[in-house]
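Working through the structure, step by step
What follows is each chain in one-letter form.
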Amino acid sequence: MIKQYIEKVSILTLLLIAFSSCSLERLESAQEVAEGGGTINTFTAYTIDSTDPMGSNVYGRIVFWKTELDQTLVQISLYNTIEDTLHPAVLIDGEVGIGTSVSMTLDDVDGTTGELADNKFFLISDTSFYDSIASLDAHVSIALSTDDDTVVAEGNIGANATPVDSN
């Protein structure tokens, strides 16, 4: 019995020595931009105005960003949205009040944050989209909720409006 006890203690001692002798090297975080990455500087922004059907006063801005891969990122920022509600956002052919045909469904806007719910940006992979924005005959439309398609905010884009900012 003493022999088994000595064997177990010896094995435990060897394991403790083996594990304690391993040194852990502390790694610093990489702060540089990954190759191929970088900042996005080219953008065009338009105003989204409230349609105010029930005094909601939802308004904001839609920004189209051009990536280095010639893709377009869409960012929406809204104020006075309804907390815990998703507000569907779509691009509609034609000017506000005239067009009714949905040309592109964007992500829903999270009413708690006023930004797109799934990601900060909606990706349009069509490499010619950004360059065609200026001649685009369309507007953006924001609905009250996924269950109620009452339009609470909308704004002309492209040929129907002058950008509020661009670079």
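Quick note: structure is the one above.
Report on the accompanying structure. Every chain's residues receive numbers from 1 upward, in the order its sequence appears when written. It should be noted that, the model being predicted, local features are given only for residues of pLDDT at least 70 and side-chain atom pairs only at 80 or more, the latter also being counted only at that level, while totals for whole chains, interfaces and linings use all residues. Only hydrogens and water are set aside when side-chain values are computed; all heavy atoms of the structure are taken into account.

Positive phi, close to 60°, is recorded for Asp70, a residue that is not glycine. Phi at Asn80 takes a positive value of approximately 65°, unusual for a residue other than glycine. Helix and strand labels come from DSSP, where a helix needs a run of H or I of at least four residues and a strand needs a run of E of at least two; each type is numbered from the N terminus. With respect to the secondary-structure elements, Asn80 resides in the loop between β3 (72–79) and β4 (86–87). Think of it in three bands: residues with accessible area under 20% of the maximum for their type are buried, residues over 50% are exposed, and the middle band is partly exposed, with areas taken using a 1.4 Å probe on protein chains only. Since its relative accessible area comes to 42%, Asn80 is described here as partly exposed.

So, about the nonpolar core. Of all hydrophobic cores here, the largest spans 25 residues; its most connected members are Ile48, Ile62, Phe64, Val74, Ile76, Leu106 and Ile142. Looking at this core, the elements with two or more residues in it are β1 (42–50), β2 (59–66), β3, β5 (89–93), β8 (122–124), α2 (129–132), β9 (137–143) and β10 (151–158). Counting 5 residues, the second-largest nonpolar core is a separate cluster that includes Ala45, Val63, Trp65 and Leu73. Remark: nonpolar core denotes a set of buried residues (Ala, Val, Leu, Ile, Met, Phe, Trp, Tyr, Cys) joined through side-chain atoms within 4.5 Å.

When a carboxyl oxygen of Asp or Glu lies within 4 Å of a side-chain nitrogen of Lys or Arg, that pair is called a salt bridge. If you walk through the whole model with that rule in mind, you get 2 salt bridges. Here Lys66 and Asp70 are joined by a salt bridge, their closest N and O atoms 3.7 Å apart. Assessed through its relative accessible area of 34%, Asp70 is described here as partly exposed. Its salt-bridge partner being Asp131, residue Lys66 comes within 3.2 Å of it at the nearest N-O pair. Taken together, the residues span a long stretch of sequence, with Lys66 in strand β2 and Asp131 in helix α2 at a distance of 65 residues. A network of salt bridges, in which partner residues are shared, links Lys66, Asp70 and Asp131.

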